[in-house]
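# Structure assessment
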Amino acid sequence: MNEEKRLPIAIAGLGFGESVHLPALKSSKILKPFAIWHPRENRLNESCKNNGLIGFKEWTSLIKDKNIKGIIIATPPSVRYQLAKEALEAGKHLLLEKPVGLNEEEVQELQRLSIRRNLIVAVDFEYRAVPLFMQAKRIINEGKLGKVWLIKLDWLMSSRANQSRPWNWYSNKEEGGGVIGALGTHAFDILHWFFGPTVSISSLISTSIKNRDCSQTNKSKLVTSEDTCISQAEILDNINGSDENIIAQINLSSVTRNGRGCWIEIYGSKGTLILGSDNQKDYVHGFGLWLSQNDGPLKNITADQDLTFAKTWKDGRIAPVARIQNWWAKSITENTPMIPGLAEAALSQKVCDKVNVSAQAGLKVNFE
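Residues numbered from 1 in each chain as written. Predicted model: local features only at pLDDT ≥ 70, side-chain atom pairs only at ≥ 80, totals over all residues. Heavy atoms only, no water.

## Structural notes on the overall build of the protein chain
Per the secondary structure count, the protein chain includes nine helices and 17 strands. Since a compact globule built from 368 residues should have a radius of gyration of about 21 Å, the 21 Å found for the protein chain is in line with a globular shape. Within the protein chain, counting contacts between residues at least 6 apart in sequence, those at least 24 apart form 70% of the total. Counting only carbon and sulfur atoms, one obtains 48% of the accessible surface of the protein chain, whose full area is about 16800 Å². Within the protein chain, one finds 45 positive and 39 negative side-chain charges whose respective centroids are separated by 4 Å. (Helix = DSSP H or I, 4+ residues; strand = E, 2+ residues; numbered from the N terminus. Rg over C-alpha atoms; globule rule 2.2 N^0.38 Å. Contact = heavy atoms within 4.5 Å. Areas by Shrake-Rupley, 256 points an atom, 1.4 Å probe, with all protein chains shown as cover. Lys, Arg positive; Asp, Glu negative; His and termini not counted. Charge placed at Lys NZ, Arg CZ, Asp CG, Glu CD.)

Below you can see the structure in the form of structure tokens.
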């Protein structure tokens, strides 16, 4: 697609949006970066100058601009739902960071609105676009593990372990902060993608660092979001079509000093599959995949050629995001369903909501 026909895209949010989405957009043959929205004028002007893009401080002005065909919303979670709703009402296709909303109802409302307006909404579940995760999914689908008996997912990070790290929105549960929104949304989506939806869950949550200094007030402020979550779940086995659910253990933490990173262990009747990385800053660099069959030794598995990236960056997060963006672009231009989209986001958010219900009640929660 020539330059004139590439779809102009705006980015809302200058954290992940500028560092990851923007370079990914620049590599697209279908999409092109066009504008940036940010409420702080100084930060907006700086980014526009550095990237040669149009700047919008007022959200209403951006969504009314007829040149813009789609918007990537990579803001903090608390405002994401309202911005997305207004953008859909204005007729814009969307790519949303997760969590999409603060609860399942918000995600479902966006889904209904996008269907009514015939607009394509992608959700950045980027692990679905990582070659070794795609290879693991292929191995599972091919039945090489047989009937899966147990899943163990450990996501033990140290990003919030430093007690001197200041209070921000991540520290406030009402703003969508916490390890459930940051890691749980991805973790549950991966399990749903690999196997099937969650059937039941029993969870414990805790806040290890209960106060952080607030730079705005120069005072200590209460942390209301969780930094550790342990869950036991039952996952529907859509791969083998079995009546028996798969037992899964999911351990999430953002305060584990020297934590082991992200590891998924899958044990079945015919084999074992292990996928993991101790690299806490990169989605791609550092991940490995190992398969054992029929009591044989674990062997390192590489991704099939058709799953590898055509282009990579020093920052490994950019390549899978670029792949998600290209899936989104294809859905827009061909008017086909987008996966991962709001249906997948609603399913993941439903589990996150139930995790909180289970932890508060101290009970196992069964899904309808």
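Right, picking up where we left off after that structure.
## Some remarks on the packing of helix 7 (residues 179-194) against helix 9 (residues 342-361)
At a minimum axis distance of 9 Å, the contact between helix 7 and helix 9 shows a crossing angle of 120°. Judged by the angle between their axes, helix 7 and helix 9 are oblique. In the packing of helix 7 onto helix 9, the handedness of the crossing is right-handed. Across from Ile180, Gly184, Thr185, Phe188, Asp189 and His192 in helix 7, the residues of helix 9 making contact are Glu344, Leu347, Ser348, Gln349, Val351, Cys352, Val355 and Asn356. Split into classes, the residues belonging to the contact of helix 7 with helix 9 amount to six nonpolar, six polar and two charged. (Axes fitted to C-alpha atoms, helices over the stretch in contact; angles between N-to-C directions. Parallel < 35°, antiparallel > 145°, perpendicular 65-115°, else oblique. Left-handed = near helix turned anticlockwise from the far one by under 90°. Nonpolar A, V, L, I, M, F, W, Y, C, P; charged D, E, K, R; others polar.)

## Observations regarding the sheet that holds strand 16 (residues 299-300)
Overall, mixed pairing links the nine strands, which are arranged 16-15-14-13-7-12-11-8-17 in an open sheet. Looking along the sheet, the strands with just one partner apiece sit at the ends: strand 16 and strand 17 (365-366). Summarising the sheet, strand 14 (residues 271-277) and strand 15 (residues 288-293) pair through six bridges and their orientation is antiparallel. Within strand 15, the residue paired with leucine 275 across the bridge is leucine 289. Where helix 7 meets the sheet, its contacts fall on strand 7 (148-156), strand 8 (198-206), strand 11 (228-235), strand 12 (246-253), strand 13 (261-268) and strand 14, and the angle it forms with strand 12 comes to roughly 155°. Sitting on the sheet, helix 9 touches strand 8, strand 11 and strand 17, and the angle it makes with strand 8 is about 55°. (Pairing = 2+ DSSP bridges.)

## Some points on the packing of aromatic side chains
Going through the model one piece at a time under the given rule, you end up with eight aromatic pairs. Seen from their ring centres, tyrosine 127 and phenylalanine 133 are 5.2 Å apart, and the 55° between their planes marks the pair as tilted. Across the pair, phenylalanine 133 and tyrosine 127 agree in class, each one buried. Plain terms: the ring middles of tyrosine 127 and tryptophan 155 are 5.4 Å apart, the flat faces sit at 85° to each other, and that makes the pair edge-to-face. (Phe/Tyr/Trp six-rings, centres within 6.5 Å; stacked < 30°, edge-to-face > 60°. Buried < 20%, exposed > 50% of the residue type's maximum accessible area, 1.4 Å probe, protein only.)

## What to know about the sheet that holds strand 2 (residues 31-37)
The sheet built from six strands is open, its strands ordered 3-2-1-4-5-6 with parallel pairing. Strand pairing shows two members of the sheet lacking a second neighbour, strand 3 (54-56) and strand 6 (121-123), which therefore form its edges. Put simply, the sheet's adjacent strands are angled 25° from each other on average, direction ignored. In this sheet, strand 3 lies alongside strand 2 in parallel orientation, the contact comprising three bridges. When the sheet's bridge partners are listed, alanine 35 is paired in strand 3 with isoleucine 54. Relative to the sheet, helix 1 (residues 16-26) contacts strand 1 (7-12), strand 2, strand 4 (70-73) and strand 5 (93-96), its axis offset from that of strand 1 by approximately 175°. In this fold helix 2 (residues 41-51) packs onto strand 2 and strand 3, with an angle of close to 155° to the strand it touches most, strand 2.

## Thoughts on a nonpolar patch on the surface
A cluster of nonpolar side chains, contributed by Trp149, Leu150 and Ile247, occupies part of the molecular surface with about 320 Å² of accessible area. Here tryptophan 149 shows up in strand 7. (Patch = residues over 30% accessible without salt bridge, like charges linked within 9 Å, V, L, I, M, F, W, Y side chains within 5 Å. Salt bridge = Lys/Arg side-chain N within 4 Å of Asp/Glu carboxyl O.)

## Brief notes about the side chain of threonine 207
Relative to the elements of secondary structure, threonine 207 occurs in the loop between strand 8 and strand 9 (211-214). Polar contacts involving the side chain of threonine 207 include one to the main-chain carbonyl oxygen of serine 225, which spans 2.9 Å. Filtering out sequence-adjacent residues up to four positions away, threonine 207 remains in contact with Val223, Ser225, Glu226 and Asp227. (Polar contact = N/O pair within 3.5 Å; in protein donor to acceptor, adjacent residues only side chain to side chain.)

## Topic: helix 4 (residues 77-89)
A rise of 1.5 Å per residue sets the reference length of helix 4, with its 13 residues, at 18 Å; its end C-alpha atoms lie 19 Å apart and thus fit the reference within 8%. Packing partners of the buried residues in helix 4 comprise strand 2, helix 3 (59-64), strand 4, strand 5, helix 5 (104-117) and strand 6. With its phi angle positive at about 90°, glycine 91 sits one or two positions after the end of helix 4. (Expected span 1.5 Å × (residues − 1).)

## What to know about the side chain of arginine 160
Summarising the element assignment, arginine 160 is placed in the loop between strand 7 and helix 7. The side chain of arginine 160 sits in the buried core without any salt bridge; aspartate 227 is the nearest counter-charge, 7.5 Å away. There is a polar contact of 3.2 Å between the side chain of arginine 160 and the side chain of serine 171. Discounting residues that sit within four places of it in the chain, arginine 160 has contacts with Arg165, Pro166, Asn168, Tyr170, Ser171, Ile209, Arg212, Ser254 and Val255.

## Topic: the environment of methionine 157
As for its placement among the helices and strands, methionine 157 is situated in the loop between strand 7 and helix 7. Looking at methionine 157, the relative accessible area reads 12%, which means it is buried.

## Section: the pairing of strand 7
With eight bridges connecting them, strand 7 and strand 13 associate as antiparallel partners. The residue of strand 13 that forms the bridge with valine 148 is glycine 268. Inspection of the sheet shows strand 7 paired to strand 12 by seven bridges, in the parallel sense. Its bridge partner lying in strand 12, tryptophan 155 is registered against leucine 252.

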